[in-house]
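What the coordinates show
Here is what each chain is made of, one letter per residue.
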Amino acid sequence: MTDAQIKPVPTLPDAQTVTEVEHYTDRLFRFRCTRPQSLRFRSGEFVMIGLMGDNGKPLLRAYSIASPSWDEELEFYSIKVPDGPLTSRLQHIKAGDEIILRPKPVGTLVLDALLPGKRLWFFATGTGIAPFASLMREPDTYERYDEVIMMHTCRDAAELEYGRQLVESLPNDPLIGEFVGDKLKYYPTTTRDDFAHKGRITENLISGKAFADLGLGIDKLDPETDRGMVCGSLAFNLDMKDILEGWGLNEGANSEPAEYVVEKAFVD
Ligand code: A2P
């Protein structure tokens, strides 16, 4: 057989290979894949990923990269929507499968879009924790701020599990543990089952319960010292904008850093 007769194995454009998959609930899973050598990104950014559609065209969605910028692989945390065009199929991927990944990272949930401060707040609902899974593993986060507070609200405890396991592993992590030290505080809540702390992030901020439970001795964020990053559903993001702006924080961007930034979590 001559070279010309050898049929090339069909590969996807921008193909990456899945290395690991872990399912948390019937609605949530994470997976890791190879990282294109050319991909440079800032922790907190997102890329377009997906699978080849039945029509032969790539079916892509925006996904926050959940791994930090220094990791040699990439991690993603995803919802599974039964009739979602992409996630109904993506939820079945296994190690060794290929996904499509466009290596063009973008996003506003980056440390560079915030002014310096003392305390950094991460506010997430559901899969909105993904960009913070990246930023919590980023040494720069701890070099820029004295204290980092991860607030995460889900319907029930099982949905908090990805974040809980990650947060609890960080102080002892051989690579990032020394940066994290005792700077990272975690405040998980649920809204639909029994749990140590209950209620929506928005309610717990307005009532002051979150500040009291964290033992901070404050009753709101201070635009002089506090910085916020918000990632969740559209309704959550809008409610958080109102709260933060009511306390005098302004929305920042890459081009004009300010006191808080916001981005919508991926929904299929
Ligand atoms: P709730 O159970 O009261 O709706 P979902 O799984 O639907 O994406 O929601 C994730 C979490 O975000 C749930 O705990 C949900 O609370 C909460 N949530 C939804 N909308 C808002 C909002 N506007 N403000 C604060 N929390 C919200």
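Residues numbered from 1 in each chain as written. Predicted model: local features only at pLDDT ≥ 70, side-chain atom pairs only at ≥ 80, totals over all residues. Heavy atoms only, no water.

Now for the overall build of the protein chain. Along the backbone of the protein chain there are 8 helices and 11 strands. The C-alpha extent of the protein chain, read off along each of the three principal axes, is 75 × 35 × 35 Å. Buried positions account for 50% of the 268 residues belonging to the protein chain. Of the contacts made within the protein chain by residues no fewer than 6 positions apart, 74% connect residues no fewer than 24 positions apart. Counting every atom, the protein chain has about 12600 Å² of accessible surface; 50% of that belongs to carbon and sulfur. Taking the average location of the 30 positive side-chain charges in the protein chain and that of its 43 negative ones, the two points are 4 Å from each other. (Helix = DSSP H or I, 4+ residues; strand = E, 2+ residues; numbered from the N terminus. Buried < 20%, exposed > 50% of the residue type's maximum accessible area, 1.4 Å probe, protein only. Contact = heavy atoms within 4.5 Å. Areas by Shrake-Rupley, 256 points an atom, 1.4 Å probe, with all protein chains shown as cover. Lys, Arg positive; Asp, Glu negative; His and termini not counted. Charge placed at Lys NZ, Arg CZ, Asp CG, Glu CD.)

Along its sequence, the protein chain is carved into domain 1 (14-106) and domain 2 (111-264). Each of domain 1 and domain 2 has a C-alpha centre, and the two are 24 Å apart. Between domain 1 and domain 2 we count 3 salt bridges in total. On the surface where domain 1 and domain 2 come into contact, there are 13 residue pairs in polar contact (both at pLDDT 80 or more). Listing elements by their share of the side of domain 1 that touches domain 2, those giving two or more residues are β2 (28-34) and β5 (73-79). A per-element tally of the side of domain 1 that touches domain 2 places β5 first, with 4 residues. (Domains from an automatic or database assignment. Salt bridge = Lys/Arg side-chain N within 4 Å of Asp/Glu carboxyl O. Polar contact = N/O pair within 3.5 Å; in protein donor to acceptor, adjacent residues only side chain to side chain.)

Our next topic: the nonpolar core. Counting residues in each nonpolar core, the largest one holds 36 residues, and the members touching the most others are F122, F132, M136, M150, L184 and M229. Listed by contribution, the elements that provide at least two residues to this core are β7 (119-125), α2 (130-135), β8 (147-154), α4 (157-169), β9 (184-190) and β10 (226-232). Look past the residues within four positions of M136 in its chain and what remains in contact with it is F122, Y142, M150, L166, V167, L170, I176, V180 and L184. Formed by 21 residues, the second largest nonpolar core is a distinct cluster that contains F123, L216, M240 and L244. (Core = buried A, V, L, I, M, F, W, Y, C linked by side-chain atoms within 4.5 Å.)

Right, let's get into the site of the ligand. Lining the immediate surroundings of the ligand are 13 residues, of which R27, T191, R192, R200 and D239 lie closest. In this structure, R192 approaches the ligand through a side-chain N or O atom, which is 2.7 Å from an oxygen atom. A distance of 3.4 Å is found between a nitrogen atom of the ligand and a backbone nitrogen or oxygen belonging to F236. Of the residues forming the shell around the ligand, the biggest block, 3 residues, is contributed by helix α8 (residues 234-246). (Near = heavy atom within 4 Å.)

As summarised here, the arrangement of the 5 strands in space is β9-β8-β7-β10-β11, forming an open sheet in which the pairing is parallel. Only two strands of the sheet have a single partner each, and these edge strands are β9 and β11 (260-264). Taking each pair of neighbouring strands and ignoring which way they run, the sheet shows an average axis angle of 10°. The sheet strands contacting α4 are β8 and β9, and the helix crosses β9 at an angle near 175°. In the packing of α8 onto the sheet, the strands contacted are β7, β10 and β11, and the crossing angle to β10 comes to about 165°. (Pairing = 2+ DSSP bridges. Axes fitted to C-alpha atoms, helices over the stretch in contact; angles between N-to-C directions.)

Turning our attention to the sheet that holds strand β6 (residues 98-106). Whenever strands of a sheet pair, they do so through backbone hydrogen bonds, lying parallel or antiparallel. Strand order in the open sheet formed by 6 strands is β4-β3-β6-β1-β2-β5, and the pairing between neighbours is antiparallel. Each end of this open sheet is capped by a strand with a single partner; those strands are β4 (58-64) and β5. Neighbour-to-neighbour, the strand axes of this sheet turn through a mean angle of 40°, independent of strand direction. Each of β1 (15-23), β2 and β5 touches α4; the most contacted strand, β5, lies at about 160° to it.

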